[in-house]
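Structural description and commentary
The chain contents come next:
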Amino acid sequence: MAEIISGPEGIALGVQRLHAGGLVSFPTETVYGLGADALDAAAVERVFRLKGRPSNNPLIVHVSDEGMAGRVVETWSDDASTLAKAFWPGPLTLVLPRLPIVPDVVTGSGPTVAVRCPGHPVALALIEAFGGPIVGPSANPSGYISPTIPEHVRDAFDGEDLIVLDGGHCRAGIESTVLDLSGETPTVLRLGVIGAHRISESLGREIRVAEAQHAPEEARSPGLIGAHYQPRTPARLISGNDLPSAPSSAVLVSWSLETHPSGGVLIRMPEDLGGYAQAIYRALHEADRSAGSTIWIEHPPEPSDPDGRAIAAALHERLRRATHS
Ligand code: TXA
Ligand code: MG
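Values in this document were obtained by computation on a predicted structure and should not be read as measured data.

**A word on the domain arrangement of the protein**
Partitioning the protein into structural domains gives domain 1 (3-218) and domain 2 (235-322). On a C-alpha basis, the centroid separation for the pair domain 1 and domain 2 is 27 Å. Counting residues at the interface gives 24 residues for domain 1, matched by 17 residues for domain 2. Put simply, domain 1 and domain 2 have one salt bridge between them. Inspection of the domain 1/domain 2 interface yields ten residue pairs in polar contact (both at pLDDT 80 or more).

**Structural notes on the sheet that holds strand β5 (residues 92-97)**
Remark on secondary structure: sheet strands pair via backbone hydrogen bonds, oriented parallel or antiparallel. Judged by pairing direction, the sheet is mixed, and its eleven strands sit side by side in the order β1-β8-β2-β3-β7-β4-β6-β5-β9-β10-β11 without closing on themselves. Two strands lie at the open edges of the sheet, namely β1 (3-5) and β11 (208-209), each paired on one side alone. Relative to β11, strand β10 (residues 187-190) runs parallel, the two sharing two bridges. For T187, the partnering residue across the bridge sits in β11 and is R208. Contacts from helix α2 (residues 41-51) reach β3 (33-37) and β7 (134-135) within the one sheet, and its direction differs from that of β3 by about 155 degrees.

**Here's the deal with the packing of aromatic side chains**
Considering all chains together, one arrives at two aromatic pairs under this definition. A centroid spacing of 5.6 Å and a plane angle of 40 degrees characterise the contact between W76 and W88, whose relative ring orientation is tilted. Of this pair, W76 sits in the loop between α3 (66-69) and α4 (78-87) while W88 sits in the loop between α4 and β5, and the two are twelve residues apart along the sequence. Taken together, a centroid distance of 6.0 Å and an interplanar angle of 20 degrees make the contact between Y229 and Y281 stacked. Linking Y229 in the loop between β11 and β12 (235-238) with Y281 in helix α9 (residues 273-289), this pair joins segments that are 52 residues apart in sequence. With respect to burial, Y229 and Y281 carry one shared label: buried. The ring centre of Y144 lies 4.1 Å from the NZ or CZ of R232, which sits over that ring. The side chain of R236 reaches across the aromatic face of W296, ending 4.3 Å from its centre.

Cut-offs used in this document
Residues numbered from 1 in each chain as written. Chains lettered and ligands numbered in written order. Predicted model: local features only at pLDDT ≥ 70, side-chain atom pairs only at ≥ 80, totals over all residues. Heavy atoms only, no water. Domains from an automatic or database assignment. Contact = heavy atoms within 4.5 Å. Salt bridge = Lys/Arg side-chain N within 4 Å of Asp/Glu carboxyl O. Polar contact = N/O pair within 3.5 Å; in protein donor to acceptor, adjacent residues only side chain to side chain. Pairing = 2+ DSSP bridges. Helix = DSSP H or I, 4+ residues; strand = E, 2+ residues; numbered from the N terminus. Axes fitted to C-alpha atoms, helices over the stretch in contact; angles between N-to-C directions. Phe/Tyr/Trp six-rings, centres within 6.5 Å; stacked < 30°, edge-to-face > 60°. Buried < 20%, exposed > 50% of the residue type's maximum accessible area, 1.4 Å probe, protein only. Lys NZ or Arg CZ within 6 Å of the ring centre and 35° of its normal.

This is the structure:
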């Protein structure tokens with residue numbers, strides 16, 4: 001039975017489980033993670049099995065500070081240090097050459113490891129009490145919508161022996177920005193709430209944003225290709241102009257309408273981008289549970305400020321893949 005636990009008891013039980021090679025789901029500021037001891041290959045294999053995740057898709061290692069990151073990467077570079085000081089704890093993942101202590105299963109046998117320090121008190125308390133790094137892919141079956149409340153995790157893994165630490169509704173709501181620092185030019189591999197412009201500003205030089213990756217053989221981050229973040233109900237992205245033609249069988253996810261034009265289910269979204277990002281996965285879970293035969297998602301609002309535009313680009317990438325067929 002998957003079980004949701006709050007407070008210090010949850011942390012204590014979580015630490016016991018991690019030491020025993022077990023799995024613990026924990027909240028972060030982005031989405032819930034599926035945690036295991038990052039240095040225990042057998043425990044990490046359990047994470048892959050439970051998620052049904054392809055073994056070539058590497059996991060992010062969660063740390064409580066720069067010092068702990070230094071235990072898994074070969075060299076903690078000046079860029080890494082600058083960015084950690086600017087954005088950690090927070091939704092920025094850094095990819096760096098790894099040390100041999102990191103099991104192959106974590107990195108998909110690749111030469112790099114992804115590290116991030118999550119900005120959530122429960123995640124930090126768990127990592128600190130455990131005293132070592134914890135892997136944490138999003139706690140959803142591979143390909144499905146990421147979880148932003150503990151009930152999403154419990155319901156997805158109901159029959160499993162899993163504890164879920166309660167941290168409420170995740171604040172940012174979409175996964176961290178992934179930045180590759182292992183090459184010459186820092187390169188954003190996955191868009192997130194922290195925009196490339198803010199990373200550039202902080203480093204004082206231009207960085208690259210990887211093009212959308214199509215073929216697996218081109219991908220440095222196999223998690224970044226094709227269908228992902230998908231509800232089981234077929235979903236499509238539509239423009240505001242198409243909303244009036246929504247049939248009642250289509251569940252609408254909309255920020256501009258107050259009621260469904262044909263009397264069906266409407267899930268209202270916040271108009272500000274930060275609120276939209278926080279709410280989107282929860283809305284998709286809810287839409288997927290409702291009786292509609294399709295989900296129509298209105299394109300998110302298009303803001304003009306740079307931070308808003310960065311979130312809009314990250315959302316667009318998630319929604320494109322949620323509706324990819
Ligand atoms: O916000 C987040 O990052 C959440 C929370 C729980 O921390 N975690 C998360 O993990 O989104 P996951 O496994 O769902 O996505 C990790 C992404 C994948 O696209 C994976 O391919 C990429 O990071 N990744 C992991 N290690 C990598 C590496 N060494 N090089 C390149 N990409 C890597
Ligand atoms: Mg994921």
